[in-house]
Amino acid sequence: MATEIVCGVEGGASNSIAVLMNAQGEVIATAKGSGTNHHLIGMEECRRKIAELINDAKLKAGIALNTPIGAVGLSLSGCELEDSNQTLVKGLKEGYPNLALQYAVGSDTEGSIATVSNKGAVVCIAGTGSNTLLINPNGEKVQCGGWGNLLGDEGSAWNISWMAVKYCFDALDNFEQPPFPMEQVWALIKDFFAIQTQADILDSFYANFDKSRIALLCKNLADLARDRDDKLAKYIFERAGTDLAKSIATVAKKASEELINKPGGLHVICVGSVWLSWDLLRKGFMGYFEHKTTIKELSLLRLKTEMGVGAAFMAADRLNLKLNRDYSKNYDVFAVYSRGNE
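Residues numbered from 1 in each chain as written. Predicted model: local features only at pLDDT ≥ 70, side-chain atom pairs only at ≥ 80, totals over all residues. Heavy atoms only, no water.

**Brief notes about the packing of helix α4 (residues 108–116) against helix α14 (residues 309–319)**
Okay, so step 1: Between α4 and α14, whose axes approach to 7 Å, the crossing angle comes to 85°. One way to sum up the angle between α4 and α14 is to call them roughly perpendicular. Of α14, the residues touching α4 (which contributes Glu110, Gly111, Ala114 and Thr115) are Gly310, Ala311, Phe313, Met314 and Arg318.
Okay, so step 2: A breakdown of the residues in the contact of α4 with α14 according to their chemical character gives four nonpolar, three polar and two charged. (Axes fitted to C-alpha atoms, helices over the stretch in contact; angles between N-to-C directions. Helix = DSSP H or I, 4+ residues; strand = E, 2+ residues; numbered from the N terminus. Parallel < 35°, antiparallel > 145°, perpendicular 65-115°, else oblique. Contact = heavy atoms within 4.5 Å. Nonpolar A, V, L, I, M, F, W, Y, C, P; charged D, E, K, R; others polar.)

**Remarks on the sheet that holds strand β8 (residues 141–145)**
Backbone hydrogen bonds hold the strands of a sheet together, and the pairing may be parallel or antiparallel.
Okay, so step 1: Pairing in this open sheet of six strands is mixed, and the strands run β8-β7-β6-β9-β10-β11 from one edge to the other. Each edge of the sheet is formed by a strand with only one pairing partner; in this case those strands are β8 and β11 (331–338). Sheet twist, expressed as the average angle between the axes of neighbouring strands with direction ignored, equals 20°.
Okay, so step 2: Here strand β7 (residues 130–135) pairs with β8 via five bridges, running antiparallel. (Pairing = 2+ DSSP bridges.)

**Examining the nonpolar core**
Soluble globular proteins tend to bury their nonpolar side chains together.
Okay, so step 1: Judged by nonpolar contacts, the single largest core of 63 residues is most densely connected at Val185, Ile189, Phe193, Trp275, Phe285, Phe289 and Leu300.
Okay, so step 2: Among the elements that take part in this core, helix α11 (residues 231–252) stands out by supplying 11 residues, more than any other.
Okay, so step 3: The contacts of Leu300, once residues within four sequence positions are left out, are Val268, Cys270, Trp275, Trp278, Phe285, Asp332, Val333, Phe334 and Ala335. (Core = buried A, V, L, I, M, F, W, Y, C linked by side-chain atoms within 4.5 Å. Buried < 20%, exposed > 50% of the residue type's maximum accessible area, 1.4 Å probe, protein only.)

**Thoughts on the side chain of Arg47**
Okay, so step 1: Along the polypeptide, Arg47 turns up in helix α2 (residues 43–60).
Okay, so step 2: Accessibility expressed as a relative area gives 8% for Arg47, which makes it buried.
Okay, so step 3: Apart from the residues within four sequence positions on either side, Arg47 is in contact with Thr87, Leu88, Gly91, Leu92 and Tyr96.

**Some points on the pattern of salt bridges**
Where charged atoms from two side chains of opposite charge come close, those side chains can pair.
Okay, so step 1: Going through the model one piece at a time under the given rule, you end up with 14 salt bridges.
Okay, so step 2: Between Lys90 and Glu94 there is a salt bridge; the shortest N-O distance is 2.7 Å. On the criterion of helical spacing, the pair formed by Lys90 and Glu94 is a turn pair, its members being four residues apart in helix α3 (residues 82–95). For the pair Lys90 and Glu94, one class covers both residues: exposed. (Salt bridge = Lys/Arg side-chain N within 4 Å of Asp/Glu carboxyl O.)

**Here we look at the sheet that holds strand β4 (residues 69–76)**
Okay, so step 1: The strand order β3-β2-β1-β4-β5 describes an open sheet built from five strands, whose pairing is mixed. Only two strands of the sheet have a single neighbouring strand rather than two, namely β3 (27–34) and β5 (100–107). Neighbouring strand axes in the sheet, compared pairwise and without regard to direction, differ in orientation by 15° on average.
Okay, so step 2: Two strands pair when backbone bridges link them, and strand β1 (residues 6–11) and strand β2 (residues 15–21) are joined in this way by six bridges, in the antiparallel orientation. Paired with Val6 across the two strands is Met21, which belongs to β2.
Okay, so step 3: The strands touched by α3 are β4 and β5; relative to β5, the strand with the most contacts, the crossing angle is about 155°.
Okay, so step 4: Seen against the sheet, α4 touches β1, β4 and β5 and runs at an angle of roughly 100° to β5.

**Details of the packing of α2 against α3**
Okay, so step 1: Look at α2 against α3: their axes get within 10 Å of each other, and the N-to-C directions meet at 55°. With respect to each other, α2 and α3 are oriented oblique. Judged by the twist between their axes, the crossing of α2 over α3 is right-handed. Every residue of α3 that contacts α2 at Met43, Cys46, Arg47 and Ile50 is listed here: Ser84, Thr87, Leu88, Gly91 and Leu92.
Okay, so step 2: Partitioning the contact of α2 with α3 into residue classes produces five nonpolar, three polar and one charged. (Left-handed = near helix turned anticlockwise from the far one by under 90°.)

**Looking at empty space enclosed by the protein**
Okay, so step 1: Taken as a whole and assessed by the stated rule, the structure comprises one cavity of 30 Å³ or more.
Okay, so step 2: What the largest cavity holds in volume is close to 30 Å³.
Okay, so step 3: In terms of lining, the largest cavity is formed by Glu10, Ser112, Thr115, Leu303, Thr305, Glu306, Met307, Gly308, Val309 and Gly310.
Okay, so step 4: Elements that contribute at least two residues to the lining of the largest cavity include exactly α4 and α14.
Okay, so step 5: Partitioned by chemical class, the residues of the lining of the largest cavity number three nonpolar, five polar and two charged. (1 Å grid on protein atoms, 1.4 Å probe; cavity = no way out; pocket = protein on both sides within 12 Å on 5 of 7 lines; lining within 4 Å. Points joined across faces, edges and corners; volume = space filled by probe spheres on them.)

**Here's the deal with the packing of aromatic side chains**
Okay, so step 1: Under the defined criterion, the tally for this structure stands at 16 aromatic pairs.
Okay, so step 2: The interplanar angle of 50° and the centroid separation of 5.1 Å between the aromatic rings of Phe285 and Phe289 together place this pair among those described as tilted. Highlighted residues: Phe285 and Phe289, both in helix α13 (residues 278–292), separated by four residues, approximately one helical turn. The same class applies to Phe285 as to Phe289, namely buried.
Okay, so step 3: Each ring, one from Tyr288 and one from Phe289, has its centre 6.4 Å from the other, and the planes form 85°; the classification is edge-to-face.
Okay, so step 4: An aromatic cluster is built from Trp275, Trp278, Phe285, Tyr288, Phe289, Phe334 and Tyr337, whose rings are joined through pairwise contacts.
Okay, so step 5: Of note, Arg302 hangs over the ring of Phe334, and the distance from its end group to the ring centre comes to 4.1 Å.
Okay, so step 6: Lying over the aromatic face of Phe313, Arg325 brings its terminal NZ or CZ to 4.5 Å of the ring centre. (Phe/Tyr/Trp six-rings, centres within 6.5 Å; stacked < 30°, edge-to-face > 60°. Lys NZ or Arg CZ within 6 Å of the ring centre and 35° of its normal.)

**Topic: unusual backbone geometry**
Okay, so step 1: With a phi angle near 55°, Asn174 is a residue other than glycine that sits in the positive phi range.
Okay, so step 2: Its identity is not glycine, yet Asn320 carries a phi of approximately 55°, on the positive side.
Okay, so step 3: Following the sequence through the fold, Asn320 ends up in the loop between α14 and β11.

Remember that the coordinates give geometry; whether it matters functionally is a separate question.
Here you go:
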């Protein structure tokens, strides 16, 4: 029955995915779309994209569009405030009455945590933007970051890309020299944006600003660091690793003893494409924990299930719905920090 189906929508600034799950915890359909951060695209467009995603998944599962499913969990970038979350839900119920019977809304970080535990953990998102959240077993939340490119996003693909451009601009202006030569990075930037001069890049950062597109430069910088051993590119990733470690250490100060003392230490779920460059982040990340914190141990987890599953788990937990799950199948441990072993 459609009323037993739970949908989970995981949405960031660049991409979103919806999954439909039955009561046995099986994914029966998925649908993919573009970003759903309402701060970037507006509330109405956010609702339209959510409805489009869910309806696409319903069609793939053979569910009629005029038949509401049981519940939807929305785990979205930009959904940190309860007032605006309720505004989002109110508009969905009014504008798309046949979409679902119930809704649960949280940030993209909350859905990631729900993928591995209903007892809390830390999640550190480093994709186009960045955000770190601790949820304790008692439901207490502690956040660091998540404020967008003007007020935060340290350690993100956007911030890495921005840092590369800024180092080059400061050098070219003779304002401040970077810690390492910038010629290869500047050549990469010119090629990426198809420009010749500094002034040519201004359109991409102002009149036609697109955070997601600029963030794509991050991958090219990672390739430059690996393939050509560019010291400035490697240094930028090292700084990003330090920033991510700092955000995790900040929320970890408020972590419960239950989370701190788990086997493997505090569990940190690492989400987003920047974490795929762990080899470049590692030095700054581990160095920060070793020299700037008192944390004894932590484990870095990578999700291996479909994005959106955690959002469905979140909805089931909040709305008291049946949804079977085996958390151990949803993640791998890809790195462990242990004090004194770095």
